[in-house]
Amino acid sequence: MLFFRFLMIAALLPVSTSHTGWSVVGPGGGGAMFHPTISPHDPNRVLVGCDMTGSYLTEDGGKSWKMFNLRGPARFFLFDPSDPKVAYAQSIGLWRSADSGHTWNMVYPANAVIEADGDHADERVAGTEPAIDALAIHQGKLWAAMGTALKSSKDGGRTWEQAAPLPERGKRVYGAGNRVYVIAANSVSFVEGGASGTWPHPAFVDASAGSENGQVYLYGASKEGLFLSSDGQSWRKSSMRGSVRAVAASERHGRTAYASYQDGESYGVARTSDGGDTWTLGWRESRQKAPNVDDGWVSDRFGPGWGEHPLTLGASPTQPELAYGTDLGRTLRTTDGGATWKNTYTKLLPDGSYVSTGLDVTTNYGVHFDPFRPNHLFLSVTDIGMMASENGGKSWRSATEHGIPKEWWNTTYWLEFDPQVKDRIYAVTGDTHDLPRPKMWRFRSPSKFQGGVVRSDDGGKTWHALKTGLPETSATHILIDRDNHERLYIAGFGRGVFRSDDGGASWQKMSSGLPEKEPFAWRLAQDQKGVLYLVVARRSEDGSISNDRDGALFRSVDRGENWQRVALPEGVNGPNGIVVDKSDPRRLYLAAWARKGAKNGGIFLSTDAGATWKNVHNADQHVYDVTQDPARPEILYATGYESSAWRSADRGASWKGIPGYDFKWGQRVTVDPHAKDMIYVSTFGGGVWHGPAR
């Protein structure tokens, strides 16, 4: 099977936290975060990862964060205990920073060739070199658990030597005295001098270790509780009740550790300062928000159970009263040994709105501007619904609290302002996120998705659902007809196209000519003559083509009454976005995803309404969408899932990368209507970026 290797150079170039001229727009947080790691040299310097490929650095104790792109989710971070400038991170390979986390270079595997494929154009290193599962620095060497081997490196991770075999993949490597421990899910292995061995233990989901006054303290988290050991050979269960999902010990104050627990309906973080003999439940919540936990918008909007208790914990190696916890939407910090926990992902402003600290893990589909009020705009977002701003995007509030069915809160895929009625807004919302990615429909029929259309007549303060004639559907796009503002079209994923001629009061299905079985209706467009286009997302994942799992492009010349198939470019079956040129209705721009094992994605141009196509951009094989500058139709933008955004100043004939923007998964570029040559880039898991287009 062939794979794409066009990312090789990009992966080996230094990665930086510097994004000159760019800022992240939004409320902050909103997605799962992991692996908070505190520097032993500076307690204000902390690294955090997320499940959406972004990594984050703070140098002021969480007041502000800078994002950097390691081409995939970070699996762990490590600060060098002897050199304050050196740090390591594992993602698709092992990265090293020599300037305190500001720039990163991949050091292992050496001379890596990068492949990209799959549901999210995921990147990986080609070849058979084993990945690093856990890492420690001890006695001047790196020690790494690599699959079924413990290896060491004397040159910063570039080359490795075998130290001992391992029975399973490690979760934690820890060095103390002359011994190096590897704690795995079901065993502890050790190397000491020329000797090595392995002991079994209860099944662990997480592990940590520290030392104090020459004594080693090992901690193992499990569904059965927390287990303790001083040598790795014998373990005893601690007195803490409930299950434990994460544990973090202070490396140089090993008697202090933090554990993320759940005991019945109660959950939170417990702390020990005596090696696990006793525990204090500083963070303890159930259905009610605890007064000593969080002060951010996530808990205020969705309650304490939305973020849950920490997925991962990080304790300061040198200051045992300092620790961080990361969960499904937040990163929290304690400076008093767990007595109180404060957010680091958002800032509350005096008017009750919120602004991001730079720690954004939200998926966004678009930025939407009110045509009547310049400072009024919305973000359509996954997992947290909709966010609204009244001050030009400087701060944000949740916009889904009043009138939208609770089952539809999760995701807003698109939003439109009525161009003739002030404060009238339509939005499509539902319970299913991340469409059209296959992971969402692979094991669940779209016929089970809940969602629909909502309307506001007061600028988004309150909403009501428009259900007459419309079945429950995860609607992914809404379009207002250019000639009649009361006529609306929606794309129902797995349902087809629906039209309303009375401002959404009633709906009728308009799917004649579309596939009969669950058409993955995804995106709509309309030209200045009223002709409609529909993108149907593909079902296939195996690289096949010319079957009933292909994506498709359709056209309707009669307001959706009937649809005719428009031929896609040769070899393409993954259309993702369509733009009709504002000055020429025969000129179409198509964003496409490559098939697995092929190189046929990118941007395609048709100058004859889809009769023929030409590939005009293939440097990004997973282009999510193309947009056209409303005021300057010769200027186009595009972004996709390969860490890049693009600009064309000649109607798509040529494309240049936009400097400064650097996030793995880009979804859509929106032109800033209030600042020339400034754009917003909506991302899949990195918030919304705002910066210069040139």
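Residues numbered from 1 in each chain as written. Predicted model: local features only at pLDDT ≥ 70, side-chain atom pairs only at ≥ 80, totals over all residues. Heavy atoms only, no water.

1. With respect to the overall build of the protein chain
The following threshold applies: Secondary structure elements are taken from DSSP: a helix is a run of H or I of four residues or more, a strand is a run of E of two residues or more, and numbering for both begins at the N terminus. Relative accessibility decides the category of a residue: with a 1.4 Å probe and only protein chains considered, values under 20% of the type maximum give buried, values over 50% give exposed, and everything between is partly exposed. In this description, contact between two residues means that some pair of their heavy atoms is separated by no more than 4.5 Å. Per-residue and other accessible areas were derived by the Shrake-Rupley procedure at a 1.4 Å probe size, with only the shown protein chains allowed to occlude residues.
Looking only at helices and strands, the protein chain has two helices and 61 strands in total. When the backbone C-alpha atoms are referred to their principal axes, the protein chain occupies close to 80 × 50 × 45 Å. For the protein chain, the residues scored as buried account for 62% of the 694 residues in total. The long-range fraction of contacts in the protein chain, counting pairs at least 24 apart against all pairs at least 6 apart in sequence, stands at 50%. In the form shown here, the protein chain has an accessible surface area of approximately 25200 Å², with 48% of it arising from carbon and sulfur atoms.

2. Brief notes about the pattern of salt bridges
Stated formally: Just to be clear on terms, a salt bridge is a Lys or Arg side-chain nitrogen sitting within 4 Å of an Asp or Glu carboxyl oxygen.
What the rule picks out here adds up to 37 salt bridges. Here Asp-133 makes a salt bridge to Arg-75, at a shortest N to O gap of 3.0 Å. Residue Asp-133 is located in the loop between β12 (122–125) and β13 (134–138), and its partner Arg-75 is located in the loop between β6 (66–69) and β7 (76–79); the two are separated by 58 residues in the primary sequence. Taking relative accessible area as the criterion, Arg-75 reaches 36% and is therefore assigned partly exposed. Across the pair Arg-539 and Glu-518 runs a salt bridge whose closest N-O atoms are separated by 3.5 Å. In this pair, Arg-539 is assigned in the loop between β48 (532–536) and β49 (552–556) and Glu-518 in the loop between β46 (508–509) and β47 (521–526), connecting sequence segments 21 residues apart. Each of Asp-481, Asp-483, Arg-487, Arg-499, Asp-501, Arg-559 and Glu-561 takes part in salt bridges that share partners, so that together they form one network.

3. Describing the sheet that holds strand β22 (residues 215–222)
We apply this condition: For two strands to be treated as a pair, DSSP must find at least two bridges joining them.
Read from one edge of the open sheet, four strands run β21-β22-β23-β24, paired in antiparallel fashion. Single-partner strands in this sheet number two, and they are β21 (206–212) and β24 (236–237). Relative to β22, β21 runs antiparallel, the two sharing seven bridges. By the bridge assignment for β22, Asp-206 is matched with Ala-221.

4. Side note on the sheet that holds strand β58 (residues 656–657)
As summarised here, the arrangement of the four strands in space is β55-β56-β57-β58, forming an open sheet in which the pairing is antiparallel. Each of the sheet's edge strands pairs with one partner strand only, and the pair in question is β55 (623–628) and β58. Relative to strand β57 (residues 645–648), strand β56 (residues 636–640) runs antiparallel, the two being bridged by four bridges. Opposite Thr-639, over in β57, you have Ala-645 as the bridge partner.

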